[in-house]
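# Residue-level structural notes
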Amino acid sequence: MRTSPFFANVLLSALLGILLLVAVIARTFAPQLLFPKLNIPAMAALSLITLLLRHYLAPQSSHRYSIGALFGALTFAILPRSCAFLSLGDALRTGAAGGIVFTATAWLFAAIEQRLADSDTSPAAPIICALGLYLAAQGFMGILL
């Protein structure tokens, strides 16, 4: 399973599913809590956490960008919609943006991994690079919703 090109998509679905489960349970017992919106920086953070987990758990796995974009879009559209966090129109917009964000971050992180593999770096270097990508994604705040 770790060598599958869809390992990152499985990790993304599991991570988003766990976070939404925690949010549903928190909303059940404390309905007055306010939850952050699922916007582009939040999707980039989830995607980067997923890619970091893939980097450390399965360093030899590859990624297929075309099918990964479709699975990323379905993940970001269906899971929040099924947890009643998004309306149908918002789910379609979020799904399209999620597929693009996941594919773009996967492509950029793969380029970073390739550059880091060519040099002697610290094992924490991918974390620092992912933090830089997340800070770059902050420029897209407020665009989606």
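None of the values given here were measured: they were computed from a predicted structure.

What the rule picks out here adds up to two salt bridges. One salt bridge in this structure joins Arg54 and Glu113, with 3.5 Å as the shortest N-O distance. On the criterion of sequence distance, the pair formed by Arg54 in helix α2 (residues 40-57) and Glu113 in helix α4 (residues 88-117) is long-range, its members being 59 residues apart. For the residue pair Arg54 and Glu113, the accessibility class agrees, reading buried in each case.

Even without glycine at this site, Ala84 takes up a positive phi of about 65°. Here Ala84 lies in the loop between α3 (65-82) and α4. By relative accessible area, which is 55% here, Ala84 ends up exposed.

What follows is about the environment of Arg93. Mapped onto the fold, Arg93 is located in helix α4. In this structure, the C-alpha to C-alpha distance between Arg93 and Ala77, residues 16 residues apart in sequence, is 7.9 Å.

For α2, which comprises 18 residues, the first-to-last C-alpha distance of 25 Å matches the rise-based estimate of 26 Å (1.5 Å per residue) to within 8%. Those residues of α2 not exposed but buried are Ile40, Pro41, Met43, Ala44, Leu46, Ser47, Leu48, Thr50, Leu51, Leu52 and Arg54. Residues of α2 that are buried make contact with α1 (7-29), α3, α4 and α5 (125-137).

Right, let's get into the nonpolar core. Ranked by size, the top nonpolar core spans 25 residues in total, and within it Met43, Leu46, Phe76 and Phe109 carry the most contacts. Listed by contribution, the elements that provide at least two residues to this core are α1, α2, α4 and α5. In contact with Leu46, other than residues within four places in its own chain, are Leu12, Leu15, Leu16, Leu19, Leu38 and Phe76.

Contact pair α4 / α5: the axes reach a minimum separation of 11 Å and the direction vectors enclose 145°. Here α4 and α5 pass one another in a crossing that is right-handed. Contact residues: α4 offers Leu108, Phe109, Ile112 and Leu116, while α5 offers Ala125, Pro126, Cys129, Ala130 and Leu133. In terms of residue class, the contact of α4 with α5 is made up of nine nonpolar, no polar and no charged.

On to the packing of aromatic side chains. Summed over all chains, the structure comprises two aromatic pairs. Taken together, a centroid distance of 5.6 Å and an interplanar angle of 75° make the contact between Phe6 and Phe71 edge-to-face. Pair noted here: Phe6 is in the segment before α1 and Phe71 is in helix α3, with a separation of 65 residues, a long-range link. Using a relative accessible area of 34% as the deciding quantity, one classes Phe71 as partly exposed. Between Phe35 and Phe85 the ring centres are 6.1 Å apart and the planes differ by 85°, which places this aromatic pair in the edge-to-face class. With Phe35 in the loop between α1 and α2 and Phe85 in the loop between α3 and α4, this pair connects stretches of sequence that are 50 residues apart. Given a relative accessible area of 24%, Phe85 falls into the partly exposed group.

Procedures and definitions
- Residue indices follow the written sequence of each chain, beginning from 1 at its first position.
- Only residues with pLDDT of at least 70 get local features here, since the model is predicted, and only at 80 or more are side-chain atom pairs given and counted; chain-wide, interface and lining totals rely on the full set of residues.
- Computation of side-chain values covers all heavy atoms of the structure but excludes hydrogens and water.
- We define a salt bridge as a side-chain nitrogen of Lys or Arg found within 4 Å of a carboxyl oxygen belonging to Asp or Glu.
- A run of H or I in DSSP counts as a helix once it spans at least four residues, and a run of E counts as a strand once it spans at least two, with each numbered from the N terminus.
- The buried label applies to any residue whose accessible area, calculated with a 1.4 Å probe on protein chains only, is under 20% of its type's maximum; exposed applies above 50%, and partly exposed to all values in between.
- A helix is expected to span 1.5 Å for every residue after the first.
- Contacts: residue pairs with any heavy atoms within 4.5 Å of one another.
- By nonpolar core we mean a set of buried residues, namely Ala, Val, Leu, Ile, Met, Phe, Trp, Tyr and Cys, connected to one another through side-chain atoms within 4.5 Å.
- For every element, the axis is a line fit to its C-alpha atoms; helices are fit only across the contacting stretch, and the angle between N-to-C directions ranges from 0 to 180 degrees.
- Each crossing gets its hand from how the near helix is turned against the far one by less than a right angle, where anticlockwise is left-handed and clockwise is right-handed.
- In the scheme used here, Gly and all other residues not listed as nonpolar or charged are polar, with Ala, Val, Leu, Ile, Met, Phe, Trp, Tyr, Cys and Pro taken as nonpolar and Asp, Glu, Lys and Arg as charged.
- Pairing of aromatic rings covers Phe, Tyr and the six-membered ring of Trp, with a centre-to-centre limit of 6.5 Å; geometry is then stacked below 30 degrees between planes, edge-to-face above 60, and tilted otherwise.

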